[in-house]
Amino acid sequence: MSDFNLNAFSQAVADLAGKAAPAMASFATHHHRTASAFHWSDGYFVTAEEAVEAGEEIELMLASGVTVKAELVGRDPSTGVALLKPADAAGAPVLARADAVRPGNIAIAIGNSQGSALAVSGSVGEVGPAWRSMRGGTIDRRIHLAVGAGGRFEGGPVLDAKGALIGMLLFGPRGRALVMPYETIERAVATLREKGHVARGYLGAGLHPVRDRDAHGAMVMSLDDAGPAKAAGLSLGDIIVAWNGEAVHGPRDLIRRLGPDSAGASVTLGVVRGGEQRDVTLTIGEKPLS
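Residues numbered from 1 in each chain as written. Predicted model: local features only at pLDDT ≥ 70, side-chain atom pairs only at ≥ 80, totals over all residues. Heavy atoms only, no water.

An unreviewed UniProt entry annotates the chain as Serine protease of Mesorhizobium jarvisii.

This is how it looks when you write it as structure tokens:
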């Protein structure tokens, strides 16, 4: 690539980041660091759920440098999305939505850190089908990034080469950069605006992994008195080994199945009790707000 083309590319990336910068904001987290947020629509901002705490006072520093108090409208641990409503966000633009991305496409992560604009470019490293998060959320697309972004970028937008929104930057296991797709954010925001939370499925049982010759699954170690598991007749020591006929490999496997779409559903659990397998049918409850 010639010096001219390299400079043109460099300027183009900086121009895209600069155009999106007015949509940005930042705030100090309970971890004593800075996280990014960006304007979604109608004066609402989105950020990483991990960066906010229920009941804490949030002060957003907007791109203009003005600091405003913001209400935590709601948070969804299953998708990693939190919704904020600042007292005043006049003039913040809404980012256009991107077309489908492919591995190798340019990706630009932008952020804000107490008034300082942040931007870093890289590429889309992986694109895959819908998947289920560790907390049971349905994520519309699997998008991993080959981008060297630090913690201050968390909760900020990831843009394509046109400056359109691919999604929000989060960090997965081992600090791997991933994108929460805008389709997933849109669904979470709609529910948070309406209810202030996203329902999660609830068994009402404390579980422990079991892996031996006789059974692999999740052992029931405790039962909530008013929980669905106890009402359905599960007992302490039962080992849950199947969910609607599909093998359960441990508590994490069950948690992934207890997403927002599971509340109210009737399921048949395969249970080993005293060495004998039986089926227990129960209706998944809605996890109480903590």
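Moving on, there is more to tell.
Q: Would you mind going over the sheet that holds strand β8 (residues 116-128) with me for this structure?
A: Picture the strands of a sheet paired through backbone hydrogen bonds; they go either parallel or antiparallel. Overall, antiparallel pairing links the six strands, which are arranged β7-β8-β11-β14-β13-β12 in a closed barrel. For this sheet, the mean inter-axis angle between neighbouring strands, taken without regard to orientation, is 45 degrees. The pairing of strand β11 (residues 142-146) with strand β14 (residues 177-181) spans two bridges and is classified as antiparallel. Across the sheet, the residue bridging to Ile143 is Val179, located in β14. Against the sheet, helix α2 (residues 182-195) makes contact with β13 (165-171) and β14, and its axis sits at roughly 55 degrees relative to β14, the strand it touches most. (Pairing = 2+ DSSP bridges. Helix = DSSP H or I, 4+ residues; strand = E, 2+ residues; numbered from the N terminus. Axes fitted to C-alpha atoms, helices over the stretch in contact; angles between N-to-C directions. Contact = heavy atoms within 4.5 Å.)

Q: What's the story with the packing of aromatic side chains in this structure? I'm lost.
A: Any pair of aromatic rings gets described here by the distance separating the centres and the angle formed by the planes. Across all of its chains, the model carries one aromatic pair by this definition. The ring of Tyr44 carries the charged tip of Lys85 above its face, separated from the ring centre by 5.3 Å. Geometry around Trp131 places Arg142 over its ring, the cationic atom sitting 4.7 Å from the centre. (Phe/Tyr/Trp six-rings, centres within 6.5 Å; stacked < 30°, edge-to-face > 60°. Lys NZ or Arg CZ within 6 Å of the ring centre and 35° of its normal.)

Q: When you look at the sheet that holds strand β6 (residues 81-86) in this model, what are you seeing that I'm missing?
A: One closed barrel holds the six strands; their spatial order is β1-β2-β3-β6-β5-β4, and the pairing between them is antiparallel. Geometrically, the sheet is characterised by an average inter-axis angle of 40 degrees between neighbouring strands, direction not taken into account. The pairing of strand β5 (residues 67-76) with β6 spans six bridges and is classified as antiparallel. For Glu71, the partnering residue across the bridge sits in β6 and is Lys85.

Q: I would appreciate a short explanation of the pairing of strand β20 (residues 266-273) in the present structure.
A: Each regular strand carries side chains that alternate between the two faces of the sheet. Summarising the sheet, strand β18 (residues 239-243) and β20 pair through four bridges and their orientation is antiparallel. In the strand pairing of β20, Ile239 is matched with Val272. Alignment of β20 against strand β21 (residues 276-283), held across eight bridges, turns out to be antiparallel. When the bridges of β21 are listed, Val271 appears paired with Arg278. A loop of two residues connects β20 with β21, the two strands running antiparallel in sequence, and Gly274 in this loop sits at a positive phi of about 60 degrees.

Q: How should the pairing of strand β4 (residues 58-62) be read in this particular structure?
A: The buried count for β4 comes to four of five residues, which makes it a mostly enclosed element. In terms of strand pairing, strand β1 (residues 24-28) meets β4 through two bridges, oriented antiparallel. The partner of Ser26 across the bridge, within β4, is Met61. By the bridge criterion, four bridges tie β4 to β5 in an arrangement that is antiparallel. Pairing of Leu60 across the sheet is with Val68, part of β5. Between the end of β4 and the start of β5, which pair antiparallel, lie four residues, with Gly65 showing a positive phi angle near 95 degrees. (Buried < 20%, exposed > 50% of the residue type's maximum accessible area, 1.4 Å probe, protein only.)

Q: Whenever I open this one, α2 confuses me. Can you help?
A: An α-helix turns once every 3.6 residues. As a result, residues three or four positions apart point the same way. In this model, α2 (14 residues) spans 20 Å end to end at C-alpha, consistent with the 20 Å of a helix rising 1.5 Å per residue. Those residues of α2 that sit buried are Tyr182, Thr184, Ile185, Ala188, Val189 and Leu192. Viewed along the axis of α2, the buried residues span an arc of 145 degrees, placing them on a single side of the element. In this structure, α2 carries Glu194 and Lys195 as exposed residues pointing more than 90 degrees from its buried face. (Expected span 1.5 Å × (residues − 1). Arc of directions from axis to C-beta.)

Q: Honestly, a nonpolar patch on the surface in this entry has me stumped. Any pointers?
A: Together, Leu6, Phe9 and Ile106 make up an exposed nonpolar region whose accessible area comes to about 240 Å². Among the structural elements, Phe9 can be located in helix α1 (residues 3-20). (Patch = residues over 30% accessible without salt bridge, like charges linked within 9 Å, V, L, I, M, F, W, Y side chains within 5 Å. Areas by Shrake-Rupley, 256 points an atom, 1.4 Å probe, with all protein chains shown as cover. Salt bridge = Lys/Arg side-chain N within 4 Å of Asp/Glu carboxyl O.)

Q: Can you walk me through unusual backbone geometry in this structure?
A: Outside of glycine, negative phi angles account for most residues, and trans bonds account for most peptide bonds. Positioned with a positive phi, Asp42 is a non-glycine residue whose angle comes to about 55 degrees. Within the element layout of this structure, Asp42 appears in the loop between β2 (34-41) and β3 (44-48). The exposure class assigned to Asp42 is exposed, which follows from its relative accessible area of 55%. Here Asn244, not a glycine, exhibits a phi torsion of approximately 50 degrees, which is positive. Structurally, Asn244 can be placed in the loop between β18 and β19 (246-247). A residue is classified by how much of its surface remains accessible, and Asn244, at 45% relative accessible area, is partly exposed.

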